[in-house]
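Fold and contact review
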Amino acid sequence: MTDEIIEEEKKGFFGWLTSRFGGKKDEEEEPQEPAYKRRLFDGRIEKYLDQNLDSYISEYGIVTDLDLEAYDQRYTRLTGNVKEMKEYMLDSDAIISSMEKELVLIEKSAKKGKK
(Lines give C-alpha, C1' and ligand atoms only; values in the text may rest on other atoms or scores of the structure.)
Protein backbone atom coordinates (compact mmCIF):
# COMPACT_ATOMS: atom_id res chain seq x y z
CA MET A 1 0.00 0.00 0.00
CA THR A 2 1.16 3.43 -0.71
CA ASP A 3 1.50 6.18 1.86
CA GLU A 4 -1.42 8.08 0.32
CA ILE A 5 -3.84 5.15 0.77
CA ILE A 6 -2.70 4.60 4.38
CA GLU A 7 -3.22 8.30 5.08
CA GLU A 8 -6.75 8.17 3.58
CA GLU A 9 -7.63 5.16 5.75
CA LYS A 10 -6.57 7.07 8.86
CA LYS A 11 -8.77 10.05 7.96
CA GLY A 12 -11.95 8.02 7.58
CA PHE A 13 -14.74 8.48 5.06
CA PHE A 14 -15.52 12.13 5.83
CA GLY A 15 -11.88 13.02 5.83
CA TRP A 16 -11.53 11.41 2.43
CA LEU A 17 -14.57 13.34 1.11
CA THR A 18 -13.17 16.60 2.43
CA SER A 19 -9.79 15.97 0.86
CA ARG A 20 -11.35 15.18 -2.52
CA PHE A 21 -14.17 17.72 -2.69
CA GLY A 22 -13.64 20.12 0.20
CA GLY A 23 -11.83 23.40 0.31
CA LYS A 24 -8.73 23.91 2.41
CA LYS A 25 -7.04 21.25 4.49
CA ASP A 26 -6.88 21.45 8.30
CA GLU A 27 -3.33 22.80 8.24
CA GLU A 28 -4.21 25.58 5.79
CA GLU A 29 -7.29 26.91 7.60
CA GLU A 30 -6.93 30.40 8.99
CA PRO A 31 -8.14 31.03 12.51
CA GLN A 32 -11.45 32.85 12.49
CA GLU A 33 -11.71 36.20 14.18
CA PRO A 34 -14.57 36.66 16.62
CA ALA A 35 -17.63 38.06 14.90
CA TYR A 36 -18.28 40.54 17.71
CA LYS A 37 -15.76 43.21 18.59
CA ARG A 38 -16.34 45.14 21.78
CA ARG A 39 -16.86 48.83 21.26
CA LEU A 40 -16.43 51.81 23.56
CA PHE A 41 -20.17 52.31 24.09
CA ASP A 42 -20.70 48.70 25.19
CA GLY A 43 -19.19 49.36 28.61
CA ARG A 44 -21.37 52.41 29.11
CA ILE A 45 -24.48 50.54 28.03
CA GLU A 46 -23.70 47.65 30.37
CA LYS A 47 -23.10 50.06 33.24
CA TYR A 48 -26.43 51.80 32.55
CA LEU A 49 -28.28 48.47 32.38
CA ASP A 50 -26.67 47.32 35.63
CA GLN A 51 -27.70 50.51 37.40
CA ASN A 52 -31.31 50.29 36.16
CA LEU A 53 -31.79 46.53 36.34
CA ASP A 54 -34.29 46.62 39.21
CA SER A 55 -36.55 49.07 37.38
CA TYR A 56 -36.45 46.92 34.22
CA ILE A 57 -37.33 43.82 36.23
CA SER A 58 -40.35 45.50 37.80
CA GLU A 59 -41.45 47.33 34.64
CA TYR A 60 -41.30 44.35 32.29
CA GLY A 61 -42.14 41.63 34.82
CA ILE A 62 -38.90 39.74 34.33
CA VAL A 63 -38.66 36.58 36.41
CA THR A 64 -35.51 36.23 38.51
CA ASP A 65 -33.85 33.16 39.99
CA LEU A 66 -35.35 33.98 43.39
CA ASP A 67 -38.81 34.11 41.83
CA LEU A 68 -38.28 30.73 40.18
CA GLU A 69 -37.06 29.25 43.45
CA ALA A 70 -40.13 30.58 45.29
CA TYR A 71 -42.44 29.21 42.58
CA ASP A 72 -40.71 25.84 42.78
CA GLN A 73 -41.15 25.72 46.56
CA ARG A 74 -44.84 26.65 46.26
CA TYR A 75 -45.35 24.00 43.58
CA THR A 76 -43.72 21.34 45.75
CA ARG A 77 -45.83 22.34 48.75
CA LEU A 78 -49.06 22.39 46.74
CA THR A 79 -48.44 19.06 45.06
CA GLY A 80 -47.70 17.58 48.49
CA ASN A 81 -51.02 18.96 49.77
CA VAL A 82 -52.88 17.53 46.78
CA LYS A 83 -51.24 14.15 47.34
CA GLU A 84 -52.31 14.18 50.98
CA MET A 85 -55.85 15.15 49.98
CA LYS A 86 -56.02 12.29 47.46
CA GLU A 87 -54.81 9.82 50.10
CA TYR A 88 -57.45 11.14 52.52
CA MET A 89 -60.17 10.75 49.88
CA LEU A 90 -59.11 7.15 49.17
CA ASP A 91 -59.04 6.33 52.88
CA SER A 92 -62.44 7.93 53.49
CA ASP A 93 -63.93 6.13 50.46
CA ALA A 94 -62.70 2.81 51.86
CA ILE A 95 -64.17 3.58 55.29
CA ILE A 96 -67.50 4.70 53.79
CA SER A 97 -67.79 1.61 51.59
CA SER A 98 -67.11 -0.70 54.56
CA MET A 99 -69.73 1.21 56.62
CA GLU A 100 -72.25 0.87 53.77
CA LYS A 101 -71.66 -2.89 53.68
CA GLU A 102 -72.17 -3.10 57.43
CA LEU A 103 -75.36 -1.00 57.12
CA VAL A 104 -76.73 -3.38 54.48
CA LEU A 105 -76.03 -6.33 56.82
CA ILE A 106 -77.71 -4.53 59.73
CA GLU A 107 -80.78 -3.70 57.59
CA LYS A 108 -81.02 -7.37 56.51
CA SER A 109 -80.77 -8.62 60.07
CA ALA A 110 -83.34 -6.00 61.21
CA LYS A 111 -85.78 -7.18 58.54
CA LYS A 112 -85.31 -10.81 59.65
CA GLY A 113 -85.91 -9.80 63.28
CA LYS A 114 -89.23 -8.12 62.43
CA LYS A 115 -90.63 -11.20 60.70
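Just so it is clear, the structure is predicted and the values come from calculations on it, not from any experiment.

**A word on a negative patch on the surface**
A cluster of acidic residues, Asp65, Asp67, Glu69 and Asp72, forms a negative patch at the surface. For Glu69, the position within the fold is in helix α5 (residues 65–114).

**Some words on the confidence of the model for the protein chain**
With 68% of its residues at a pLDDT of 70 or more, the protein chain has an overall mean of 79. Per-element confidence in the protein chain ranges from a low mean pLDDT of 59 for helix α1 (residues 3–11) to a high of 91 for α5.

**A word on the packing of aromatic side chains**
A full pass over the atoms with the stated rule returns 1 aromatic pair. With a centroid separation of 6.0 Å and an interplanar angle of 15°, the aromatic rings of Tyr56 and Tyr60 are classed as stacked. Here Tyr56 pairs with Tyr60, and both are found in helix α4 (residues 53–60), just 4 residues apart, close to one helical turn. Residue Tyr56 is classed as partly exposed on the basis of its relative accessible area, which comes to 24%.

What counts, and where the lines are drawn
- Residues numbered from 1 in each chain as written.
- Predicted model: local features only at pLDDT ≥ 70, side-chain atom pairs only at ≥ 80, totals over all residues.
- Heavy atoms only, no water.
- Patch = residues over 30% accessible without salt bridge, like charges linked within 9 Å, V, L, I, M, F, W, Y side chains within 5 Å.
- Areas by Shrake-Rupley, 256 points an atom, 1.4 Å probe, with all protein chains shown as cover.
- Salt bridge = Lys/Arg side-chain N within 4 Å of Asp/Glu carboxyl O.
- Lys, Arg positive; Asp, Glu negative; His and termini not counted.
- Charge placed at Lys NZ, Arg CZ, Asp CG, Glu CD.
- Helix = DSSP H or I, 4+ residues; strand = E, 2+ residues; numbered from the N terminus.
- pLDDT = per-residue confidence, 0-100.
- Phe/Tyr/Trp six-rings, centres within 6.5 Å; stacked < 30°, edge-to-face > 60°.
- Buried < 20%, exposed > 50% of the residue type's maximum accessible area, 1.4 Å probe, protein only.

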